[in-house]
Amino acid sequence: MDLGVRWKLHGDGKVPAPGAVVRPDERLSWPRTAGLGAQHVVAMFGASFVAPVLMGLDPNLAIMMSGVATVIFLLATRGRVPSYLGCSLSFVGVAAVIRAQGGTSATVTGAVLVVGAALFLVGLAVQRFGARIIHAAMPPIVTGAVVMLIGFNLAPVTASTYWPQDQWTALLVMLFTGLAVVCLRGFWSRIAIFLGLVFGYALSWALDRVFGKIHSVDGSGKLTDHWRLDFSAVGQADWIGLPSFHGPSFEWSAILVALPVVIALIAENAGHVKAVGEMTGDNLDDKLGTAISADGVGSMLSTAVGGPPNTTYSENIGVMAATRVYSTAAYWAAAGFALLFGLCPKFGAVVAAIPGGVLGGITVILYGMIGLLGAQIWINAKVDLRNPLNLVPAAAGIIIGVGNVSMEFTDTFSLSGIALGTVVVITGYHALRAFAPAHLKTQQPLLDEGTSSYDEKAEGEGEGDGSQRAKS
């Protein structure tokens, strides 16, 4: 059985010829492949380390399990879909809501494990019936609205938790990260979040040396004098050791909050497979269901031991676009580096020491970008918001999600925020569609026209309402 772990040497193994690409089943020399793998790890550093910190989970375990999830994904797709799986930012808001309700880290990982299982089942269904079942239940107006409310639901976390810890550092980090995203090119623009973290560390250290301790709320919310950058835990951490593991705990209230994120993960995977197919020139339609299932399995395994969920990372698409090297051997190397980092507690302590003000500046951009990915889905799909069938459920669901509106059904069961907003968008859309006049229900294509074989008859039948392109 071909597992996609055999690669042909591309040319002389040194530098690809002008205009040539290194295909997924090819590789450069092993030293160069290792270097590319390290580059992929750096590309996902920013978001993949910020996410577990924001979720209150062990960053060492996060990076280790991202390597494991990447191996699972590469084996499942038989080496045809080059991708790195890192911690998904889509779950940050879910973790914040669960913790606000009194949930522990075990409660968070238990809820997310169920999401991974649901994602796995969705992948199996796509393999059996094709992608049209996804789009029948979740057309782009629904998917975009859910992704948007997930991102914007996080705004109060930045405003009330991170930004107040050091507002001036947060402002400067926000400006620096924004400039890095906009002004840098190629690989450097893809690691803008990581560069923002480095800048934030350096700035916090300098401010501590010049002005001393800051009088503000700390990470626990207490008003006190404290150092912006505290490396005391780094000195106490070992160089080599296992991360901290814990088992999941399952609570229905937490699971219902987390389940809507399945929609965002489906969008991320569909967009990733589509983008990689366009870049490599391969038809990867048959791998979409496999990719979704593999992501689900990776997330289940990670959360079962106390780690965060994973998803395909678009940052690494940028690395491939810049280098024109699509070799899956580089991703195997990246997974190996991730496993090594996960075995270094001192490295995790450095990550855990990210100052609150630095997180404040980065999350302003990061959370906003997550939310606006929902708008990007609408734009790519040419969703018509003048159509009340699209406008009404999306508008209602987004306001409920962003405003954290709550509905109490019994003394022990309620829905609010992300969960309630998602229910309103999905059920509202399909209920209204059942009663809407025919001229509001134009047939819409699945995914972008010409990029897949999911619906060959879709083009020309109505306005596009399909491609879902999102990232972590």
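Residues numbered from 1 in each chain as written. Predicted model: local features only at pLDDT ≥ 70, side-chain atom pairs only at ≥ 80, totals over all residues. Heavy atoms only, no water.

Considering the overall build of the protein
We count it as follows: Only runs of H or I of at least four residues qualify as helices and only runs of E of at least two qualify as strands under DSSP, and these elements are numbered from the N terminus. Accessible area is worked out with a 1.4 Å probe on protein chains only. A residue is then buried under 20% of its type maximum, exposed over 50%, and partly exposed in between. For the area figures, the Shrake-Rupley method with a 1.4 Å probe applies, and any residue is considered shielded solely by the protein chains shown.
In terms of regular secondary structure, the protein is built from 20 helices and eight strands. The buried share of the protein, reckoned over its 472 residues, is 55%. A total accessible area of about 19400 Å² is found for the protein, and carbon and sulfur atoms account for 65% of it.

Examining the packing of helix α8 (residues 167-183) against helix α10 (residues 192-211)
Our working definition: Helix axes are fitted only over the stretch in contact, all axes being lines through C-alpha atoms; the angle between N-to-C directions runs from 0 to 180 degrees. The hand of a helix crossing depends on one turn: near helix anticlockwise from the far one by less than a right angle means left-handed, and clockwise means right-handed. Any two residues whose heavy atoms approach within 4.5 Å are treated as being in contact. Ten residue types, Ala, Val, Leu, Ile, Met, Phe, Trp, Tyr, Cys and Pro, are classed as nonpolar, four, Asp, Glu, Lys and Arg, as charged, and the remainder, Gly among them, as polar.
One can describe the packing of α8 onto α10 by two numbers: an axis separation of 9 Å at closest approach and a directional angle of 150 degrees. Where α8 crosses over α10, the two elements pack in a sense that is right-handed. Counted together, T169, L172, V173, F176, T177, A180 and V181 of α8 and A192, I193, L195, G196, F199, G200, L203, S204 and L207 of α10 form the full contact between these two elements. Partitioning the contact of α8 with α10 into residue classes produces eleven nonpolar, five polar and no charged.

So, the packing of aromatic side chains
To keep things clear, this is the line we draw: Think of it this way: a Phe, Tyr or Trp ring, Trp meaning its six-membered ring, pairs with another when their centres are within 6.5 Å, and the plane angle makes it stacked under 30 degrees, edge-to-face over 60, tilted otherwise. Remark: a charge is flagged as sitting over a ring if the NZ atom of Lys or the CZ atom of Arg is within 6 Å of the ring centre and within 35 degrees of the ring normal.
On inspection of all chains with the given rule, the structure shows four aromatic pairs. Note on Y201 and F231: the rings are 6.0 Å apart at their centroids and 25 degrees apart in plane angle, and the pair reads as stacked. Remark: F231 occurs in the loop between β5 (223-226) and α11 (232-236) and Y201 occurs in helix α10; sequence separation between them is 30 residues. The exposure class of Y201 is buried, given its relative accessible area of 16%. Relative accessible area serves as the criterion here: at 38%, F231 is assigned to the partly exposed category. Sitting over the ring of W227, R209 keeps its end group 5.7 Å from the ring centre. Residue placement shows K346 over the ring face of W239; its charged tip is 5.2 Å from the ring centre.

Description of the confidence of the model for the protein
Low-pLDDT stretches of the model should not have their predicted coordinates read in fine detail. Our working rule: By definition, pLDDT measures how confident the predictor is in each residue, and it falls between 0 and 100.
In this model, the protein carries an average pLDDT of 81, and 88% of its residues clear a pLDDT of 70 or more. Across residues 445-472, where pLDDT falls below 50, the model places 86 contacts with residues more than four positions away in sequence or in other chains.

Thoughts on the pattern of salt bridges
Just so we agree on the cut-off: We define a salt bridge as a side-chain nitrogen of Lys or Arg found within 4 Å of a carboxyl oxygen belonging to Asp or Glu.
Throughout the structure, instances matching the rule amount to five salt bridges. A salt bridge links D384 to R386, with the nearest nitrogen and oxygen atoms 3.0 Å apart. Overlapping salt bridges, with partners in common, bring together D166, D208 and R228 in one network.

Observations regarding the nonpolar core
Just so we agree on the cut-off: Nine residue types can take part in a nonpolar core, namely buried Ala, Val, Leu, Ile, Met, Phe, Trp, Tyr and Cys, and a core is a set of them joined through side-chain atoms within 4.5 Å.
Formed by 96 residues in total, the largest nonpolar core has its most connected members in M55, V92, I354, Y367 and W378. A total of eleven residues in this core trace back to one element, the largest contributor, which is helix α18 (residues 356-381). If we skip the residues at most four places from it in the chain, I354 touches V53, L197, Y201 and L359. Residues V22, L28, L36 and V325 belong to the second largest nonpolar core, which totals five residues.

Section: the environment of F194
When you line up the elements, F194 lands in helix α10. Taking relative accessible area as the criterion, F194 reaches 24% and is therefore assigned partly exposed. Sequence separation between F194 and V50 is 144 residues; the distance between their C-alpha atoms is 9.2 Å.

As for helix α16 (residues 328-342)
The criterion, for reference: In a helix, the anticipated span is given by 1.5 Å times the number of residues less one. Throughout this description, a polar contact denotes any pair of N or O atoms lying within 3.5 Å of each other; where both atoms belong to protein, one of them has to be capable of donating a hydrogen while the other can accept it, and for residues adjacent in sequence the pair is counted only when both atoms sit in side chains.
Its 15 residues give α16 an end-to-end C-alpha distance of 21 Å, which sits within 8% of 21 Å, the value for a rise of 1.5 Å per residue. If you check which residues of α16 are buried, you get T328, A329, A330, Y331, A333, A334, A335, A338 and G342. One side-chain oxygen at the N-terminal end of α16 lies 3.1 Å from the backbone nitrogen of A329; it belongs to S327.

Here's the deal with a nonpolar patch on the surface
Defined as follows: Patches here are clusters of residues that have more than 30% relative accessible area and form no salt bridge, with a 9 Å joining cutoff for like charges and a 5 Å cutoff for nonpolar side chains (Val, Leu, Ile, Met, Phe, Trp, Tyr).
A surface patch of nonpolar side chains, about 310 Å² in accessible area, is lined by L385, L391, V392 and L432. Relative to the elements of secondary structure, L432 occurs in helix α20 (residues 417-435).

A short note on unusual backbone geometry
Look at R78: it is not a glycine, yet its phi comes out positive at around 55 degrees. Here R78 lies in the loop between α2 (59-76) and β3 (85-87). Residue K382 is not a glycine yet carries a positive backbone phi of 55 degrees. Following the sequence through the fold, K382 ends up in the loop between α18 and α19 (388-403). Accessibility expressed as a relative area gives 55% for K382, which makes it exposed.

Some details on the packing of helix α4 (residues 105-129) against helix α14 (residues 288-304)
The following threshold applies: Each angle is binned into one of four classes, with values under 35 degrees roughly parallel, values over 145 roughly antiparallel, values of 65 to 115 roughly perpendicular, and all other values oblique.
At a closest axis distance of 7 Å, the pairing of α4 and α14 adopts a crossing angle of 160 degrees. Taken together, α4 and α14 sit at an angle that is classed as roughly antiparallel. Of the two possible hands of crossing, α4 and α14 adopt the one that is left-handed. Residues T109, V112, L113, G116, A117, L119, F120, V122, G123, L124, V126 and Q127 of α4 form the contact with α14, whose own contacting residues are L288, G289, T290, I292, S293, D295, G296, V297, S299, M300, T303 and A304. Residue classes in the contact of α4 with α14 are distributed as 13 nonpolar, ten polar and one charged.

Points about the environment of W227
With respect to the secondary-structure elements, W227 resides in the loop between β5 and α11. Classification of W227 by relative accessible area gives partly exposed; the value is 38%.

A short note on the environment of S88
In this fold, S88 is placed in the loop between β3 and α3 (92-100). The class of S88 is buried, set by a relative accessible area of 0%. The spatial distance from the C-alpha of S88 to the C-alpha of T311 is 5.4 Å, given a sequence separation of 223 residues.

Points about the side chain of T33
Inspection of the secondary structure puts T33 in helix α1 (residues 30-55). Among all residues touching T33, those that are not within four sequence positions of it are R27, L28, A329, A330 and A333.

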